Amino acid sequence: MNTTQTEVRLEGSKSGAMDKPVCLIDTASDGKLCVQRSALQVLEQIQQPVVVVAVVGLYRTGKSYLMNRLAGKQTGFALGSTIESKTKGIWMWCVPHPNKAGTTLVLLDTEGLGDVDKGDSKHDTNIFCLAVLLSSTLVYNSRGTIDNRAVEELQYVSELTECIKVKSPDEDVDDSNEFVKFFPSFIWAVRDFTLERKIDGKDATENDYLEFALKLKHGTSKKVMEYNLPRECIQKFFPSRTCFTFPFPTAPENVSRLERLDPADLSTEFLEVTGRFCKFVFDKSEVKKLKDGYTVTGRVLGHLANTYVDTIASGAVPCLENAVIAMALIENQAAVKEGLEVYQSGMEKLKKSFPLELKEVSSEHQRLSGMATQTFMTRSFRDTDGKHLKSLEEKVNQLFDGYLCQNEQASKKRCEDLLSFLSTTMNEKLKQGIYAKSGGYDLFCKDLEDIVKKYNIQTNKEVKAEAVLKVFLKQKSVDSKAILQADKKLTEKEKKIKEETEKAILLEQEIKAKEEEQRQLLEKMEAERQSNEERMRQMKEKMDEEMRFQREEAERAMDSKLREQAALMEKGFKEKADRMSQEMDEFKRQNAEAESDRAREFAELLENANKRHEESMAMMMQQHSEQMKALQKQMSARPPGGCCIL
């Protein structure tokens, strides 16, 4: 695929639209499956939730035609007109979902199973497993009728227990009871169906026909058990099952050019079933979700495909839990990055207005910190130890300290520039020796008093106003002392009094600078307290949501097991139903244990977050206490009475 094609396809995929399918999973020269980089680039751009519909089935059964219809197109996925299988690997087509706004429909057309040219049953099993793992709806396409041969051809279902693991990649552990939580809904599309749908002489619906074909036999012989195994697996793994029976689409001689035929040349009944099939898929197919109810986007689907294919290529068994852990790491790291970008871009805009009052900077910090946390929460999942949230929190606080420092520098410069401007006349008088005359000291003090008054009026909201004024007055005290000693008008006693007054002025300004630092520290502490409250609220909300998803997931699985057990009892399979009771008891125990573990993890997470906040506040309080002691010491040394300049 050339670069231009990829760019065009990526541009279109931002809204979940592609002009034609691309190969998602192919076979490399060494015979191992591999994910195509160009397809991953397409998925990476899709930030929306995805409904993933995969079609599997024997080669040359017309799978691609159905997928083209779901895409709303006549052509797209390759349709073969010979006995050779056309689709190789797994091909993907992303289109905007016709019914669900803000959702992308991802169609996966898989390589035909049982291709005689391949002669590799393991390859077929891998393709089938990937279709199950990646989809939210699995369409099994077959021809003729659902007879014993058709069910046996779906042998891959009974191999899933060896090919997919939920919690442990250990092949000896059978955790297939959990499949029902995560497996897709199942549609059996029977093509070229010519029989009457009757059971015991009565008309039957398509779903009745499917359930009749999946009916178990009584007995324990090897033959009966072999007959029952694929049927039990379909019933157990895919509790949501639907069937569509399609008649012949057109005359046999036209089938080879099906994609080029006008609708008028196709059977009305065939078009009616195709319409019902598409409507059902659009209405009933759910957004793809991971364990614990995490919604899959196009980007996440790409990561999943990579993880599963790499695992299969390494010779290991795909494990849902491991895939979720790997996905959580990728998504949580990206969530931290996204949260920081939200915070930083907002603060960079604010920075253009520096210097500002501390209150304004703190207020915007709180707002953007909340937005950053919300952005993180939206994308993150399974951050059970809170490591990534802590990382975001620390990085946001580091950035905040940096912006406070930049605001202070901007304030310092503005205050210094203002004092430089206001003292221009005084500096000229100093150069001209106007203050070096009798009565010069009082004139100098009056001019200095005017400068300070004007400065205070213009800088009453500057964060560094008091600190800069303190430095300025210290600098001017050098000139003041020289002018005082040279003033012939004053007696030695008067000079001594003036010196003491000047010391009081400097001390008073130092106290004011310290008081301002103290006020700013308290303001920062209050901002941190409010930010922490908002963070705790969002964490609690996220935890409650994840617990609810986990509970709903378990309840759905239990409901399907209860329905399966009731069906077994109704059909006289008491022994199997009793075994299911034991399975369900164990299932309940595991779910209760998982919920308890999750609740404990969440409690620890909240406790650790609160502990971090308390430590941060304790450090600030220590700083506050030290500043207060220094301030009290200085205030105790302050002489009674005010200072004329201040």
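Because the structure is predicted, anything quoted here is derived from the model rather than measured.

1. Notes on the packing of aromatic side chains
- A complete count under the given rule lists 16 aromatic pairs for this structure.
- Between F246 and F270, the aromatic rings sit 6.0 Å apart at their centres with planes inclined by 55 degrees, giving tilted as the arrangement. With F246 in the loop between strand 10 (241–245) and helix 10 (268–284) and F270 in helix 10, this residue pair connects regions lying 24 residues apart in the sequence. Here F246 and F270 have matching classes, each one buried.
- Site record: aromatic cluster; members linked through ring pairs are Y140, F179, F183, F186, W188, F237 and F238.
- The positively charged end of K289 is found above the aromatic ring belonging to F549, 5.6 Å away from the centroid.
- Above the face of the F587 ring, K561 is positioned so that its terminal group lies 5.1 Å from the ring centre.

2. A look at empty space enclosed by the protein
- In total, this model carries three cavities of 30 Å³ or more according to the counting rule given.
- Here the largest cavity defines a volume of roughly 140 Å³.
- In terms of residue count, helix 18 (residues 492–570) provides more of the lining of the largest cavity than any other element does, four residues in total.
- Across the lining of the largest cavity, the residue classes break down as eight nonpolar, three polar and five charged.
- Put simply, the second largest cavity is a space of about 110 Å³.
- If you trace the second largest cavity, you find it lined by V132, L133, F182, F183, K288, K289, L290, K291, Y308, L320 and V324.

3. Examining the packing of helix 17 (residues 465–486) against helix 18
- Contact geometry for helix 17 and helix 18: axes closest at 9 Å, N-to-C directions at 170 degrees. On the basis of the axis angle, helix 17 is roughly antiparallel to helix 18. Across the interface between the two elements, E466, A467, L469, K470, L473, K474, S477, S480, K481, L484 and Q485 from helix 17 touch K495, K498, E499, E502, I505, L506, Q509, E510, K512, A513 and E516 from helix 18.
- Split by residue class, the contact of helix 17 with helix 18 holds seven nonpolar, four polar and 11 charged.

4. Remarks on the pairing of strand 3 (residues 50–57)
- For strand 3, a buried count of eight out of eight residues is recorded, marking the element as mostly surrounded by other parts of the structure.
- Covered by surrounding structure in strand 3 are V50, V52, A54 and V56 together with V51, V53, V55 and G57, the residues of both alternating faces.
- With six bridges joining them, strand 3 and strand 5 (residues 104–110) adopt parallel strand pairing. Note on strand 5: the bridge partner recorded for A54 is L108.
- The pairing of strand 3 with strand 6 (residues 137–143) spans five bridges and is parallel. Along strand 6, the bridge assignment pairs G57 with N141.

About the criteria used
- Residues numbered from 1 in each chain as written.
- Predicted model: local features only at pLDDT ≥ 70, side-chain atom pairs only at ≥ 80, totals over all residues.
- Heavy atoms only, no water.
- Phe/Tyr/Trp six-rings, centres within 6.5 Å; stacked < 30°, edge-to-face > 60°.
- Helix = DSSP H or I, 4+ residues; strand = E, 2+ residues; numbered from the N terminus.
- Buried < 20%, exposed > 50% of the residue type's maximum accessible area, 1.4 Å probe, protein only.
- Lys NZ or Arg CZ within 6 Å of the ring centre and 35° of its normal.
- 1 Å grid on protein atoms, 1.4 Å probe; cavity = no way out; pocket = protein on both sides within 12 Å on 5 of 7 lines; lining within 4 Å.
- Points joined across faces, edges and corners; volume = space filled by probe spheres on them.
- Nonpolar A, V, L, I, M, F, W, Y, C, P; charged D, E, K, R; others polar.
- Axes fitted to C-alpha atoms, helices over the stretch in contact; angles between N-to-C directions.
- Parallel < 35°, antiparallel > 145°, perpendicular 65-115°, else oblique.
- Contact = heavy atoms within 4.5 Å.
- Pairing = 2+ DSSP bridges.

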